[in-house]
Amino acid sequence: MVKLEEVSIDHVEEEYTDTDASSVYSSDDDEDDVDNIESFLDRVWALQDVIPAKTRKSISEKCSSLYGWGKTSANFLGNSAWVLTTSALLLVLPLMIEIEHEQGLVEFEKMQQQSNQMLSQPAGQQKKQASGIVPPGF
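What counts as what
Residues numbered from 1 in each chain as written. Predicted model: local features only at pLDDT ≥ 70, side-chain atom pairs only at ≥ 80, totals over all residues. Heavy atoms only, no water. Helix = DSSP H or I, 4+ residues; strand = E, 2+ residues; numbered from the N terminus. Buried < 20%, exposed > 50% of the residue type's maximum accessible area, 1.4 Å probe, protein only. Areas by Shrake-Rupley, 256 points an atom, 1.4 Å probe, with all protein chains shown as cover. Patch = residues over 30% accessible without salt bridge, like charges linked within 9 Å, V, L, I, M, F, W, Y side chains within 5 Å. Salt bridge = Lys/Arg side-chain N within 4 Å of Asp/Glu carboxyl O. Polar contact = N/O pair within 3.5 Å; in protein donor to acceptor, adjacent residues only side chain to side chain. Expected span 1.5 Å × (residues − 1). Bend = angle between axes of the 7 residues up to and from the residue. pLDDT = per-residue confidence, 0-100.

1. Looking at the overall build of the chain
Check the secondary structure of the chain and you find 6 helices and 0 strands. When the elements of the chain are put in sequence order from the N terminus, they spell out α-α-α-α-α-α. Classification of the 138 residues of the chain by burial places 0% in the buried group. In the form shown here, the chain has an accessible surface area of approximately 13600 Å², with 62% of it arising from carbon and sulfur atoms.

Structure representation (structure tokens):
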């Protein structure tokens, strides 16, 4: 049978003061603490004893599933981006080149019309046009 005994606070304090406090906390322990610093992975690995195997397996399966979905999504987005950019280059680039060519032709036609108008006008009218706008009476 277990016997319970009440211990007074004074009794505990006396025992603690009887022991040498410097032996509990020494400078040698501080040096050992620097060598025994745990890494994050060590702490996670230590959780193996705390977390039951069934829970660890469930967490592992969920992480694997999440990784799989992420990888599949990244591949799909990459392939979609490739299809869109190559399609845009194949369809839009020739269109842009053709629009620029058409604008060049329009400019060339305007220049030809202007040169034909200048050649068809008499010499006196060309001088008046060259001097700009003349107010009436001059």
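2. Focus on a nonpolar patch on the surface
Judged by side-chain polarity, Leu89, Leu90, Leu91, Val92, Leu93, Met96 and Ile97 come together as a nonpolar surface patch covering roughly 740 Å² of accessible area. Assignment of secondary structure puts Val92 in helix H5 (residues 53-120).

3. What to know about the environment of Thr86
Mapped onto the elements, Thr86 comes out in helix H5. A residue is classified by how much of its surface remains accessible, and Thr86, at 24% relative accessible area, is partly exposed. Here Val83 takes part through its backbone oxygen, which lies 3.2 Å from a polar atom of the side chain of Thr86.

4. Topic: H5
A turn of α-helix holds 3.6 residues, and therefore any two residues three or four places apart point the same way. The terminal C-alpha atoms of H5, which comprises 68 residues, lie 99 Å apart, in line with the 100 Å expected from a rise of 1.5 Å per residue. The largest bend in H5 amounts to roughly 25° and is located at Leu89.

5. What about the environment of Ser39?
Its location among the elements puts Ser39 in the loop between helix H3 (27-35) and helix H4 (40-50). On the accessibility criterion, Ser39 (34% relative accessible area) is partly exposed. Among the polar contacts made by the side chain of Ser39, one reaches the side chain of Asp42 at a distance of 3.2 Å.

6. Topic: the confidence of the model for the chain
Looking at the chain, the pLDDT average stands at 80 and 72% of residues meet or exceed 70. When mean pLDDT is taken per element in the chain, H5 scores highest with 94 and helix H2 (residues 21-24) scores lowest with 51.

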